[in-house]
Amino acid sequence: MKIAVILRNDLRLHDHPAMHQASLDGDILPVYVLQENLGSAFKYWTHGHLKSLQSSLRKFDGDLYVSSHSFKETIESLIEELQINAVYYNRSYHPDQRIRDEAFAHELDEKGILVKTFEGTMLLPPWKAVKENGEPYKVFTPFYKQFRTKTIPQAVPKVMEATFIEVPQEVTCISATIDSLKLVPSLDWTKGIDETWSVGEDAAIEQVKTFIDEDVAAYKHLRDFPSINGTSRISPYLAVGALSVRSVYHYALKMKPDVCEAFIRQLIWREFAYHMIVHYPQTVSRPLNEKFDNFPWLNNEDHYRKWCHGQTGIPLIDAGMRELWLTGYMHNRVRMNVASYLTKHLLIDFTKGMEWFWDTLIDSDIANNTFGWQWASGSGADAAPYFRIFNPYLQSEKFDNEATYIRKWIPELKGLSNKDIIEPDQASAEALEDAGVVLGKTYPFPIVTHKAGRTRALLAYGEIKNSKSDESE
Ligand code: FAD
């Protein structure tokens, strides 16, 4: 049997159910199909992982081919040019792809082409984690409790050998030249990503093993402090599929069963996010809560631009946005703050924040990004209530009390005291002068202060809901 193994965000050899099964069933041809609308940072990240996977496959006389045509066109051409008679792939849960893949699989089946699909993205397929009456969950805690009673399938063995289909020169629909996909930007803005991250499946495995072996026990206490490497930092590897979430789950429970639950819980938040886009696919572009359809967003373009580029005048927010711009990543605590500031203080539509994250994150993930933004703006499932407006100054005090994170990303403020650096517009003229800070010149005044933004947000949110205010965050 000649089997095309179609790859998307699953660029690995360990626990790759589609490639593993194909290598047992026949001769294989691994083909990466470029998806539409990938963000710029994620494209660059993918490029490195394609090269890495190709070099791994070449070690056992295989190769990786790439295609810039659609999933359907690629497979149709492979059938015509290479007489492929089976197609195996791990299911994609991106709502558009899922619907198209399913329709096309049906067409292939009618033509006598064998199609086999596998679970390569989630711990369990989404239809296996529903309520007893078959309805999807909308609240995390009962989802989590039920999920923890389920048996998660073990990872399949790493693909170490296979027989590969020979691809004659005249075949045009695929190429072994990864550069042909043009995933590397022509302008050179990738230095920060290169300096922060190691590329490839081996690096991904090393990263997760080190975290679980050495740091998972402290995760519960350290995960909220952005200046500390207290989280696993595996999201970029999960997003590109260099890591299998199943392997991560089983490794944590095997090595540190007594101290890994807080971490396991986060992996299940990821499941929940996927669960939401499968059951509520409209949420990738619209609020889950329909009341938010007519929300009075202000969408001030100048404010949006300043938010994107870390020039809001609120140090914690600017530090996060600069970390994102330079490294393709932002700590979760800071993601929650920048998202709250954009949607609540600035009253900018959460989909604009989602777009910016999508373009700049190397861990851009359709489910987690959608879920995070819906949560932060108060419009999603089990979301932060609309009246809970993060106070970025209190958040800095609580989670960055020595301002290490702010100083790292906003060096122009580093001479200020720990108190003044959180809210420089409240510092004395003398303190600013001593630190060489000239507000409005070396660092901006706040475009919207916490107090003014909070009052305005409560009024706007009050138009769609009636509830009391809460300053607890
Ligand atoms: P850890 O804390 O070590 O957690 C381990 C893994 O659990 C993560 O890699 C991730 O897969 C999962 N996880 C952790 N927190 C969450 C969460 N809140 N929701 C869902 N899954 C979670 N995550 C992405 O992977 N891609 C995104 O595009 C993305 N966009 C986000 C946008 C917003 C506005 C917010 C608030 C959060 C977003 N997140 C996103 C979730 C979270 O911020 C990241 O998964 C986390 O910061 C990744 O760092 P880590 O791997 O060290 O996480």
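Quick caveat: nothing in here was measured; it's all calculated off a predicted structure. (Residues numbered from 1 in each chain as written. Predicted model: local features only at pLDDT ≥ 70, side-chain atom pairs only at ≥ 80, totals over all residues. Heavy atoms only, no water.)

*Asks:* Explain the packing of aromatic side chains here, please?
*Replies:* Think of a pair of aromatic rings as described by two things: how far the centres are apart, and how the planes are tilted against each other in angle. The final tally for this structure, using the stated rule, is 32 aromatic pairs. With a centroid separation of 5.0 Å and an interplanar angle of 80°, the aromatic rings of F357 and W373 are classed as edge-to-face. Taken together, the positions of F357 in helix α14 (residues 350-360) and W373 in helix α15 (residues 366-377) put the pair 16 residues apart, joining distant regions of the chain. With relative accessibility at 4%, the residue F357 sits in the buried group. Among the residues examined, W373 registers a relative accessible area of 2% and is labelled buried. These aromatic residues form a ring-pair network of at least three members: Y137, F140, F143, Y144, F147, W269, F272 and F371. Lying over the aromatic face of Y144, R265 brings its terminal NZ or CZ to 4.8 Å of the ring centre. Seen from the ring of Y461, K344 lies directly overhead, with NZ or CZ sitting 5.6 Å from the centre. (Phe/Tyr/Trp six-rings, centres within 6.5 Å; stacked < 30°, edge-to-face > 60°. Helix = DSSP H or I, 4+ residues; strand = E, 2+ residues; numbered from the N terminus. Buried < 20%, exposed > 50% of the residue type's maximum accessible area, 1.4 Å probe, protein only. Lys NZ or Arg CZ within 6 Å of the ring centre and 35° of its normal.)

*Asks:* It is not clear to me how the domain arrangement of the protein chain should be interpreted in this structure. Could you clarify?
*Replies:* Annotation of the protein chain at the domain level lists domain 1 (1-120), domain 2 (122-154 + 201-279) and domain 3 (290-465). Both faces combined, the contact of domain 1 with domain 3 buries some 660 Å², and carbon together with sulfur accounts for 59% of it. At the surface where domain 1 touches domain 3, the tally comes to zero salt bridges. Here domain 1 is connected to domain 3 by three residue pairs in polar contact (both at pLDDT 80 or more). A class-by-class count of the residues in the side of domain 1 that touches domain 3 yields four nonpolar, four polar and no charged. (Domains from an automatic or database assignment. Buried area = accessible area lost by both parts, 1.4 Å probe. Salt bridge = Lys/Arg side-chain N within 4 Å of Asp/Glu carboxyl O. Polar contact = N/O pair within 3.5 Å; in protein donor to acceptor, adjacent residues only side chain to side chain. Nonpolar A, V, L, I, M, F, W, Y, C, P; charged D, E, K, R; others polar.)

*Asks:* When you look at the site of the ligand in this model, what are you seeing that I'm missing?
*Replies:* Looking at the ligand, there are 26 residues lining it, with Y219, T231, S232, R233 and N332 nearest. In the model, an oxygen atom of the ligand is placed 2.5 Å from a nitrogen or oxygen of the Y219 side chain. R270 places a main-chain nitrogen or oxygen 3.5 Å from a nitrogen atom of the ligand. Burial of the ligand by the protein chains amounts to 95% of its free accessible area of 820 Å². Sorting the residues of the shell around the ligand by element identifies α8 (235-240), α10 (261-279), α13 (332-345) and α15 as the ones contributing at least two each. Looking at which element gives the most residues to the shell around the ligand, the answer is α10, with five residues. (Near = heavy atom within 4 Å. Areas by Shrake-Rupley, 256 points an atom, 1.4 Å probe, with all protein chains shown as cover.)

*Asks:* Just checking my understanding: could you explain the packing of α13 against α15 for this structure?
*Replies:* Close contact between α13 and α15 brings their axes to 9 Å; oriented N to C, the two are set at 55°. In terms of axis orientation, α13 runs oblique to α15. Classified by chirality, the crossing of α15 by α13 is right-handed. For the pair α13 and α15, the contacting residues are M336, A339, S340, L342, T343 and K344 in the first and W373, W375, A376 and S377 in the second. Each residue belonging to the contact of α13 with α15 can be placed in one class, and the counts come to six nonpolar, three polar and one charged. (Axes fitted to C-alpha atoms, helices over the stretch in contact; angles between N-to-C directions. Parallel < 35°, antiparallel > 145°, perpendicular 65-115°, else oblique. Left-handed = near helix turned anticlockwise from the far one by under 90°. Contact = heavy atoms within 4.5 Å.)

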